[in-house]
Amino acid sequence: MGLEDSRSPALDEILPRLEAEHPGHQLINAELLETFTQVGHQEHAEDPQIVAKFFTPWSNWTWYATEFDPDSLNFFGLVDGFEREYGYFSLEELLEIRGPAGLRIERDLHFGQPKISEI
């Protein structure tokens, strides 16, 4: 099954919008989606691999995504904000958050894909 076969209609609708709003710097793109697909579910992994890191440039909030569901547009991973905890977070919510002067959530393009234990 190819990448196009595994995409959900929701993601097919959102990818063009993301590419238009954030040219060259998207929260998720086809390449990252393929990586999430290859890594798969990690609920039984003792030390899951982080696929993407999202952060607020104006505060200390960071989201380390280990899984992504293209149907619900939800990530799962470690959220480091007021506390450090595992949980689900929505792509749509990350896109809607605005900080001072209109700053947005960003994806760390140089983070790599370490294991949770390495952060």
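The sections below set out a description of the structure shown in this document.

About the cut-offs
Residues numbered from 1 in each chain as written. Predicted model: local features only at pLDDT ≥ 70, side-chain atom pairs only at ≥ 80, totals over all residues. Heavy atoms only, no water. Buried < 20%, exposed > 50% of the residue type's maximum accessible area, 1.4 Å probe, protein only. Helix = DSSP H or I, 4+ residues; strand = E, 2+ residues; numbered from the N terminus. Pairing = 2+ DSSP bridges. Salt bridge = Lys/Arg side-chain N within 4 Å of Asp/Glu carboxyl O.

**Brief notes about the pairing of strand S2 (residues 62-69)**
When you tally the buried positions in S2, you get seven out of eight residues, the bulk of the element. Judged from the four bridges that link them, strand S1 (residues 52-55) and S2 form a sheet pairing that is antiparallel. Opposite lysine 53, over in S2, you have tyrosine 64 as the bridge partner. With antiparallel pairing between neighbouring strands as the criterion, S1 and S2 make up a hairpin whose turn holds six residues. By the bridge criterion, seven bridges tie S2 to strand S3 (residues 74-80) in an arrangement that is antiparallel.

**Some details on unusual backbone geometry**
Phi at leucine 73 takes a positive value of approximately 60 degrees, unusual for a residue other than glycine. Residue position: leucine 73 is located in the loop between S2 and S3. By relative accessible area, which is 8% here, leucine 73 ends up buried. The phi angle at alanine 101 is positive, at roughly 55 degrees, despite the residue not being glycine. Counting through the fold element by element, alanine 101 comes out in the loop between helix H4 (91-96) and strand S5 (106-107). Judged by its relative accessible area of 88%, alanine 101 falls in the exposed class.

**So, the pattern of salt bridges**
Note on pairing: side chains with opposite charge can pair once their charged atoms come close. The tally for this structure, following the rule as stated, stands at two salt bridges. Put simply, aspartate 108 and lysine 53 hold a salt bridge, and the shortest N to O gap is 3.5 Å. In this pair, aspartate 108 is assigned in the segment after S5 and lysine 53 in strand S1, connecting sequence segments 55 residues apart. Take aspartate 108: its relative accessible area is 24%, and that puts it in the partly exposed class. Given the relative accessible area of 17%, lysine 53 is considered buried. The salt bridge involving aspartate 80 is made with arginine 84; its shortest N-O contact spans 3.5 Å. By relative accessible area, which is 21% here, aspartate 80 ends up partly exposed.

**Some details on the environment of glutamate 92**
By the element assignment, glutamate 92 lies in helix H4. Sequence spacing of glutamate 92 and serine 72 is 20 residues, and the spatial spacing of their C-alpha atoms is 9.8 Å.

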